[in-house]
Amino acid sequence: MRSQTILNNCVKLDGSELLPATLVFADICSQVTGALLAQRYGGKVVLGSAGLAWSVLTCLTPLAASLGLVPLIACRVLLGVAEGFLIPVNSHIVASWVPAEERSRAVSAVIAGCNCGTVAAFLLSPLIMVSFGWPYCFYIFGSTGFVWYAVWQIFAEDAPQDAKSVSAREES
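About the criteria used
- Residues numbered from 1 in each chain as written.
- Predicted model: local features only at pLDDT ≥ 70, side-chain atom pairs only at ≥ 80, totals over all residues.
- Heavy atoms only, no water.
- Disulfide = S-S within 2.5 Å.
- Buried < 20%, exposed > 50% of the residue type's maximum accessible area, 1.4 Å probe, protein only.
- Core = buried A, V, L, I, M, F, W, Y, C linked by side-chain atoms within 4.5 Å.
- Helix = DSSP H or I, 4+ residues; strand = E, 2+ residues; numbered from the N terminus.
- Contact = heavy atoms within 4.5 Å.
- Expected span 1.5 Å × (residues − 1).
- Bend = angle between axes of the 7 residues up to and from the residue.
- Phe/Tyr/Trp six-rings, centres within 6.5 Å; stacked < 30°, edge-to-face > 60°.

Visitor: Please give an account of the state of the cysteines that cites residues and values.
Guide: Defined simply, a disulfide is a covalent bond joining two cysteines at their sulfur atoms. Tallied over the full model, the rule gives 0 disulfides. Not part of a disulfide, cysteine 116 finds its nearest cysteine sulfur in cysteine 114, a span of 9.3 Å. For cysteine 116, a relative accessible area of 54% translates into the label exposed.

Visitor: Describe the nonpolar core, with residues and values.
Guide: Core analysis: the biggest nonpolar cluster contains 9 residues, these being Ala38, Val46, Leu47, Ala50, Phe85, Val89, Ile93, Trp152 and Ala156. Elements supplying a minimum of two residues to this core: helix 3 (43-67) and helix 5 (86-97). When near neighbours in sequence (up to four residues on either side) are disregarded, leucine 47 contacts Leu86, Val89, Asn90, Ile93, Trp148 and Trp152. One finds Leu57, Ala64, Leu72 and Cys75 within the second-largest nonpolar core, a separate group that totals 6 residues.

Visitor: Tell me about the environment of alanine 21, and please be specific about residues and values.
Guide: Relative to the assigned elements, alanine 21 resides in helix 2 (residues 19-41). Accessibility expressed as a relative area gives 44% for alanine 21, which makes it partly exposed. Separated by 59 residues in the primary sequence, alanine 21 and glycine 80 have C-alpha atoms spaced 9.7 Å apart.

Visitor: So what's going on with helix 6 (residues 103-132)? Which residues, and what values?
Guide: Given a rise of 1.5 Å per residue, 30 residues ought to cover 44 Å, and the 41 Å separating the end C-alpha atoms of helix 6 matches this to within 8%. Along helix 6, the helix axis deviates most sharply at leucine 124, where the bend reaches about 35°; the proline proline 126 sits within four residues downstream. Taken residue by residue, helix 6 has Ala106, Ser125 and Ile128 as its buried positions. Where the residues of helix 6 are buried, they touch helix 5 and helix 7 (135-155). Looking one or two places after helix 6, you find glycine 133, whose phi comes out positive at around 110°.

Visitor: Summarise the environment of alanine 106; cite the residues concerned and give the values.
Guide: Position of alanine 106 among the secondary structure elements: in helix 6. Along the chain, alanine 106 and serine 91 lie 15 residues apart, while their C-alpha atoms are 8.9 Å from each other. The contact partners of alanine 106, leaving out residues within four places of it in the chain, are Val94 and Val98.

Visitor: Go over the packing of aromatic side chains, please, and point to the residues and values.
Guide: In this structure the tally under the stated criterion is 4 aromatic pairs. Both rings, one in phenylalanine 132 and one in tyrosine 136, keep their centres 6.0 Å apart while their planes meet at 45°; by these two values the pair is tilted. When the ring of tryptophan 148 is compared with that of tryptophan 152, the centres are 5.3 Å apart and the planes differ by 20°; the resulting orientation is stacked. With tryptophan 148 and tryptophan 152 both in helix 7, this residue pair falls 4 residues apart, about one helical turn. Residue classification places tryptophan 152 among the buried positions, given a relative accessible area of 17%. Joined through ring pairs, the aromatic side chains of Phe132, Tyr136 and Tyr139 make up one cluster.

Remember, this is a structural readout, not a statement about activity or role.
Structural data, given as structure tokens:
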């Protein structure tokens, strides 16, 4: 009991220390769900919906932060769920589109692309924050997701046989 009192006096915990973990935990927990949804509804719908949800939640993050810690944590958990769909749904899409002997390379390219996006965000965020303020990081990156979603809806298909731009020769 005494050690707990000493700890409480030395370290003031307000709950914000949980914030970084919320997104990661939700991300991990939603991966199996993402894979199952992709098998049932197809990668185009599931990845598109997850990308749209990610964009909306990213843009809402500054508002959630202004409302308090609980709304911010809720927003980050939902953001993590949407983000958690990324790898399993992309793997489902790769399995539908890419020949077996080329799949590991394709999945590696997808994962590398995600990491390149993270690096770009880390490089751009300080410039955006200094120029416009921290909320604009969320508005700008969330808005790029809306652009991605529009392009995805126009060009993406679940399988090559569904795509008008794929010839019969390419399908075989």
